[in-house]
Amino acid sequence: MTDLLYSDVEEDLRASVRDLLSDKASAEAVLARIETAEGYDLKLWRTLAEEVGVAGLAVPEELGGHGASAREVAVVAEELGRSVAPVPYLGSVVLATTALVRASAGEFVRQLASGSAIGALAVPLSTAPGAGFPSSVTVSAAGTLSGRVGTVADASVADLLVVPAAGPDGPGLYVVNASSASVTELVSFDLTRRVADVSLSDAPATLVASGPAAAAALEEALLFGAGILASEQTGVAEWALTETVSYLKGRYQFGRPVGGFQSLKHRLANLYTDLVLARAAARYAADSLAAGTDVPIAVSVAQARVAPIAVRAAEEAIQLHGGIGMTWEHPAHLYLKRAKADEIALGTPGKHRAHLAELVNLPA
């Protein structure tokens, strides 16, 4: 394990992303956008992907990326969690690109890394690492794909779909042009990250990995996604604590700041210690992904610990903001919805605890 503190390069990356999000994805801007049918801010995404370079952060330089590690990817996820910006970072950069890099699909990786295309991994967002290879999509003798996959993250804005499919010769990982699929956006609980059903009917597809290589690429993408998601959840918790402290300092009752009451101080102190624990677990997961050591253990520890903390922090933010926290006009509900949706995404805390017990040989 290396130093879990943020490096100078990571802090510079954080500053660039935070400045952009502060300018283009303020709470008011996000609230206004989720009222529209479009939902996603693709103009902001193009700036993040092409100018800041987040689309190709962890992609090797020979494939058109920046050759960074999971640690840098996690820093961006943390900042996106702080802003709940409606951009397809999880689906395209974290899941689809990782699967294609592991499958050595250079042509498609370059498209996603440059930001010229958006990708989505065609598995239900709730799919946990270790869930096994899905069989809802099948391969015909002609190599076309048919089947349906529900609740795919970021599929409604994807150009390329990375589809796991079961063929007569075993599992395969395919790339399908989104125009060849029927993508139906669902009413998502979290309006800042949409999910959609993907239906395929004899869709033309390109095979990028088969057999054990396909299964390994999918599993690595899910592990990477769950590990990076912990950093996003940490960003959600950080926003909740920071905004709540700021609000309670400025809210007065009985001639003194509400934040000065002892019971509220205790609740804020508990949130702070939870946030410290969450950041440590998320950083450990990101560092393990970067180093390639203890990855399944680190990811399960992070998800089991961080997901409930993000939910609790968002719940406390709403309660401690009082009546204003319950309104649609205040952004607190966006963070609670993101935290609750993330708690289910890529494996619930309960699933990760059970998996962790297996990994460390704890008795049932």
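Before going into details, it helps to say that this report is about the structure given with it.

Cut-offs applied
- Residue numbering note: each chain is counted from 1, following its sequence as written.
- A pLDDT threshold of at least 70 governs which residues receive local features in this predicted model, and a stricter bar of 80 or more applies before side-chain atom pairs are shown or counted, although totals over entire chains, interfaces and linings include all residues.
- Side-chain measures here rest on the full set of heavy atoms in the structure, leaving out hydrogens and waters.
- Under the scheme used here, helices are H or I runs from DSSP no shorter than 4 residues and strands are E runs no shorter than 2 residues, and both carry numbers assigned from the N terminus.
- Exposure is judged per residue with a 1.4 Å probe applied to protein chains only, and the accessible area is read against the type maximum: over 50% gives exposed, under 20% gives buried, and values in between give partly exposed.
- Note on definitions: a residue-residue contact is assigned when non-hydrogen atoms from the two residues lie within 4.5 Å.
- With residues, only the protein chains shown are counted as cover, and all accessible areas are computed by Shrake-Rupley using a 1.4 Å probe.
- By the counting scheme adopted, Arg and Lys are positive, Glu and Asp are negative, and His together with the chain ends is not counted.
- Charged groups are reduced to one reference atom each: NZ for lysine, CZ for arginine, CG for aspartic acid, CD for glutamic acid.
- The rule for pairing is simple: two strands pair if DSSP sees at least two bridges between them.
- Think of a salt bridge as a Lys or Arg side-chain nitrogen and an Asp or Glu carboxyl oxygen that are within 4 Å of each other.
- The directions considered for the arc are those from the helix axis to the C-beta atoms.
- Nonpolar cores were defined as sets of buried Ala, Val, Leu, Ile, Met, Phe, Trp, Tyr and Cys residues, with membership established by side-chain atoms within 4.5 Å.
- Here, expected helix span is obtained from the residue count minus one, scaled by 1.5 Å.
- Each aromatic pair joins two rings of Phe, Tyr and Trp (for Trp, the six-membered one) with centres within 6.5 Å, and gets the label stacked for planes under 30 degrees apart, edge-to-face for over 60, and tilted for any other angle.
- Exposure above 30% relative accessible area and the lack of any salt bridge qualify a residue for a patch; like charges then connect within 9 Å, and the nonpolar side chains Val, Leu, Ile, Met, Phe, Trp and Tyr within 5 Å.

### Considering the overall build of the chain
The helix and strand inventory of the chain stands at 11 helices and 10 strands. Its C-alpha atoms give the chain principal-axis dimensions of roughly 75 × 50 × 40 Å. For the chain, the residues scored as buried account for 54% of the 364 residues in total. Partitioning the contacts of the chain with sequence separation of at least 6, the portion at a separation of at least 24 is 77%. Entry remark: accessible area of the chain is about 15,100 Å², with carbon and sulfur atoms responsible for 55%. In the chain, 27 side chains carry a positive charge and 40 a negative one; their mean positions are 8 Å apart.

### Some remarks on the pairing of strand S4 (residues 160-167)
Burial of S4 is extensive: six of the eight residues sit out of reach of the surface. Where strand S1 (residues 119-121) meets S4, three bridges bridge the pair, whose relative direction is parallel. Among the inter-strand pairings, Gly 119 is bridged to a residue of S4, identified as Leu 160. Where S4 and strand S5 (residues 170-177) come together, eight bridges link them in antiparallel fashion.

### Quick word on the pattern of salt bridges
Charged atoms that come close allow side chains of opposite charge to pair. Taken as a whole and judged by the stated rule, the model has 23 salt bridges. The salt bridge partner of Arg 102 is Glu 220, with a shortest N-O separation of 2.6 Å. Here Arg 102, found in helix H5 (residues 89-102), pairs with Glu 220, found in helix H7 (residues 212-250); they are 118 residues apart in sequence, far enough to count as distant. The shortest N-O distance in the salt bridge between Glu 232 and Arg 193 comes to 2.6 Å. Here Glu 232, found in helix H7, pairs with Arg 193, found in the loop between strand S6 (182-185) and strand S7 (195-203); they are 39 residues apart in sequence, far enough to count as distant.

### Comments concerning helix H11 (residues 349-359)
Taken together, the buried positions of H11 are occupied by Pro 349, His 352, Leu 356 and Ala 357. The buried residues of H11 all sit within an arc of 140° when viewed along its axis, so they share a single face. Just downstream of H11, Asn 361 is the residue with a positive phi angle, here 60°.

### Digging into the nonpolar core
Ranked by internal contacts, the top residues of the largest apolar core, which has 102 residues, are Trp 45, Leu 48, Tyr 89, Leu 100, Leu 121, Leu 173 and Ile 228. Looking at this core, the element that brings in the most residues is H7, giving 17 residues. Sequence-distant contacts of Leu 100, defined by excluding residues within four places in its chain, comprise Ala 105, Phe 108, Val 109, Leu 112, Val 162, Val 175 and Val 208. Membership of the second largest hydrophobic core comes to 20 residues, among which are Ala 120, Val 137, Ala 158 and Ala 165.

### Structural notes on helix H9 (residues 295-320)
Between its first and last C-alpha atoms H9 spans 37 Å; for 26 residues at 1.5 Å apiece the expected length is 38 Å, and the two agree. Two residues or fewer after H9 comes Gly 322, characterised by a positive phi angle close to 70°.

### Concerning the packing of aromatic side chains
Per the stated rule, a full pass over the model turns up one aromatic pair. Ring centres of Trp 239 and Tyr 335 lie 3.7 Å apart, and the angle between their planes is 0°; on these two criteria the pair is classed as stacked. On the criterion of sequence distance, the pair formed by Trp 239 in helix H7 and Tyr 335 in helix H10 (residues 332-344) is long-range, its members being 96 residues apart. Given the relative accessible area of 10%, Trp 239 is considered buried. Take Tyr 335: its relative accessible area is 4%, and that puts it in the buried class.

### As for the environment of Leu 218
Note that Leu 218 resides in helix H7. For the pair Leu 218 and Leu 334, spaced 116 residues apart in the sequence, the C-alpha separation amounts to 30 Å. Apart from the residues within four sequence positions on either side, Leu 218 is in contact with Leu 121, Val 123, Phe 133, Pro 134 and Pro 164.

### A few points about a nonpolar patch on the surface
Taken together, the side chains of Leu 359, Val 360 and Leu 362 make up a nonpolar region of the molecular surface, amounting to roughly 240 Å² of accessible area. Structurally, Val 360 can be placed in the segment after H11. Judged by its relative accessible area of 39%, Val 360 falls in the partly exposed class.

### Side note on unusual backbone geometry
Positive phi values are uncommon outside glycine, yet Ser 104 reaches one of about 60°. By secondary structure assignment, the location of Ser 104 is in the loop between H5 and helix H6 (106-114). Despite not being glycine, Asn 361 shows a phi value in the positive range, around 60°. Looking at where Asn 361 falls in the secondary structure, it is placed in the segment after H11. For Asn 361, a relative accessible area of 68% translates into the label exposed.

### Looking at the environment of Ala 153
Mapped onto the elements, Ala 153 comes out in strand S3 (residues 145-153). C-alpha of Ala 153 to C-alpha of His 266: the two residues are 113 residues apart in sequence and 37 Å apart in space. In contact with Ala 153, other than residues within four places in its own chain, are Gly 91, Ala 120, Leu 125, Arg 194 and Val 195.

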